[in-house]
Amino acid sequence: MTDRRHLLRQAAWLAGAALMPGAWTSAVAQTRMAEYPFGLGVASGDPTADGVVLWTRIAPRPREPGFGMGRAPVIVEWLVAEDAGLTRVARRGQAIAAWEAGHAVHVEVGGLRPDREYWYRFTAAGHQSPLGRTRTAPAAGAPVERLRLAYGSCQKFEAGFWSAHAGIAAETPDLVLFLGDYIYEQAAKAGALRAHPPQEPVDLDGYRLRHAWYRADGDLQAAHAAAPWMVIWDDHEVVNDYGRDQDRSNPDPKAFLRRRAAAYQAYYENMPLRRKQVPVGPDLQLYRSLDWGSLARLNFLDTRQYRDRRTCEAVSDEKRIPYDCPDRTAASRSLLGRTQERWLEGRAKDSPARWNVLAQQYLMGELKLDDGRVSNDGWDGYAQTRRRVLETWRDAKTPNPVALGGDIHCFFAGDLALRPGDAPLASEFVGGSISSLGAANDSLAASVARNPHLKFAEGQRRGYGRVELTARDCRVTFRAVDNAFVPSSPVRDLAAFVVEAGRPGLSRA
Ligand SMILES: [Fe+2]
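Starting from 1, residues in each chain are numbered consecutively following that chain's sequence as written. Local features in this predicted model are restricted to residues of pLDDT 70 or higher, and side-chain atom pairs are both shown and tallied only at a pLDDT of 80 or more, whereas totals for entire chains, interfaces and linings draw on every residue. Note that water and hydrogens are dropped before the side-chain values are worked out from all heavy atoms of the structure.

1. Section: the coordination of the iron ion
With water excluded from the atoms, a metal site may look incomplete; its donors are any N, O or S atoms within 2.8 Å, or within 3.2 Å for Na, K and Ca. Taken together, Cys-154 (SG), Asp-181 (OD), Tyr-184 (OH) and His-409 (NE2) make up the protein donors of the iron ion, found 2.0 to 2.6 Å from the metal. Four donors are marked tetrahedral only if all angles between them lie between 85 and 135 degrees, whereas four are marked square planar and six octahedral if opposite donors are more than 155 degrees apart and the other angles lie between 65 and 115; the remainder are marked irregular. Seen from the iron ion, its 4 donor atoms lie at angles of 86 to 172°, and the figure they make is irregular. Here the donor residues for the iron ion map to a single chain with the spacing C-x26-D-x2-Y-x224-H. Of this pair, Cys-154 sits in the loop between β9 (147–152) and α2 (163–171) while Tyr-184 is found in the loop between β10 (175–178) and α3 (204–215), placing the two residues 30 residues apart along the sequence. Strands are runs of DSSP state E lasting at least two residues, helices are runs of H or I lasting at least four, and both sets are numbered from the N terminus onward.

2. Details of the state of the cysteines
Disulfide assignment relies on a single distance test, namely cysteine sulfur atoms paired within 2.5 Å. One pass over the structure, following the stated rule, counts 1 disulfide. Disulfide pairing is shown between Cys-312 and Cys-325; the S-S distance is 1.9 Å. Disulfide Cys-312-Cys-325: torsion about the S-S bond near -100°, hence left-handed. Taken as a pair, Cys-312 in the loop between β13 (296–300) and β14 (320–321) and Cys-325 in the loop between β14 and α6 (338–349) lie far apart in primary sequence, 13 residues in all. The burial state of Cys-312 is the same as that of Cys-325; both residues are buried. Summary of cysteine pairing: Cys-410 is not part of a disulfide, and the nearest cysteine sulfur, belonging to Cys-154, is at 9.7 Å. For every residue, the accessible area (1.4 Å probe, protein chains only) is compared with the maximum for its type, and the residue is labelled buried under 20%, exposed over 50%, or partly exposed between those bounds. Given the relative accessible area of 2%, Cys-410 is considered buried.

3. A closer look at a nonpolar patch on the surface
Think of a patch as exposed residues, more than 30% relative accessible area, with no salt bridge, where like charges cluster within 9 Å and nonpolar side chains (Val, Leu, Ile, Met, Phe, Trp, Tyr) cluster within 5 Å. Shrake-Rupley sampling with a 1.4 Å probe provides the accessible areas, and residues are treated as covered by the protein chains on show and by no other component. Any Lys or Arg side-chain nitrogen located within 4 Å of an Asp or Glu carboxyl oxygen qualifies as a salt bridge. Taken together, Leu-193, Leu-437, Phe-485 and Val-486 make up a surface patch of nonpolar side chains, about 370 Å² in accessible area. A residue is classified by how much of its surface remains accessible, and Val-486, at 37% relative accessible area, is partly exposed.

In structure tokens:
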């Protein structure tokens, strides 16, 4: 869809649905609230060279339906400063937290200086929010010595505690990438380590409550307050294994798209995203790009919303399909959809950056499972999309591509090549999971033995990845929590890798 058409549809949707007549006239601006309204913390995201998105959501009782809020809007003041003491104020303003938007606030701050740290805080109803740290991106083409980022995925609340987020917060990285499964939509399981309400969300109220339940966690709030985030989703922000309008448990695509619209709306409300990402019905454009001076171009993919239907279902065992199922390698099928594929091709062809990071949801390389089959849910189910991306990198001589992924709840490091045994074109690193449980290591070892391009796999440890980019190399460290079944567990290095600029292929650091 063109930008203009998208903007018009957004404007129409906002006018029709979000702003009900009279809503603005009854603002409780100066009303003091007895309860602390910032129970969901603060966040920032999608930095540019002159600004960043600031986020908060007014919710005095984040784990109760309704969140302790009526329908009245709340006036929220914000300020951005050059110091943590908030004395050198760079920008300030007001925003409205409206009931129609779940009392979420998204402020697109502009007029900041490139490539520097800022601190921010909100004030509402007589209370101050926690302090947030953020930063802007370097100016286009500017020389940059280093980019330090942390990336994570898959934080099933019931499965463990989020010491991994405490670890991310302690690093105060330049950027945090979250690569999907920010919430899990499933109904509560009896005997879970941490409990949440039993119902599986299917509508906006349900998804709002699940997001708030997760977001009330202190470790997660600390990671959001420590750095700007770039977020993309995977399947569980809506429902397990969905693709486009296809849902395993709901055969009616129209009904499923209504559910997807509710899930996307709640996702937008809870993430520090720009107005460009305001959903229109069941559509939300999440794929986008971020340039970090001349050092890095980061492309963020959406492998769920536009994919063709899953294939080889008739011969599948759950997601497992035979390696030689012909539709798997049909050139007509796409994991990204034509428009996103063409966009990614353009970003790869004209990239002036030293490093080209592909932030996406999955292990990108082929993964023959221990029975020799492959999954039809990720890149292996859409093998020609992978081939086209790799061929673009090869033909366009895209400088130093590196893929980062999530979804599979394991740490994986490997090289990417067009055919088995070919020289690598790129390397990839799957950053484990924040808390979701992974595969047994003996079955992973059997898989790695069948997939020689994979150099490292670990399924029993939880954690995240740290990436340090310089003109010379890309250093990736897998960071693992000692024990994610208890709170406040230490985080340590698990394994480290290096890719040298101009020499494709990873080695242990
Ligand atoms: Fe997951």
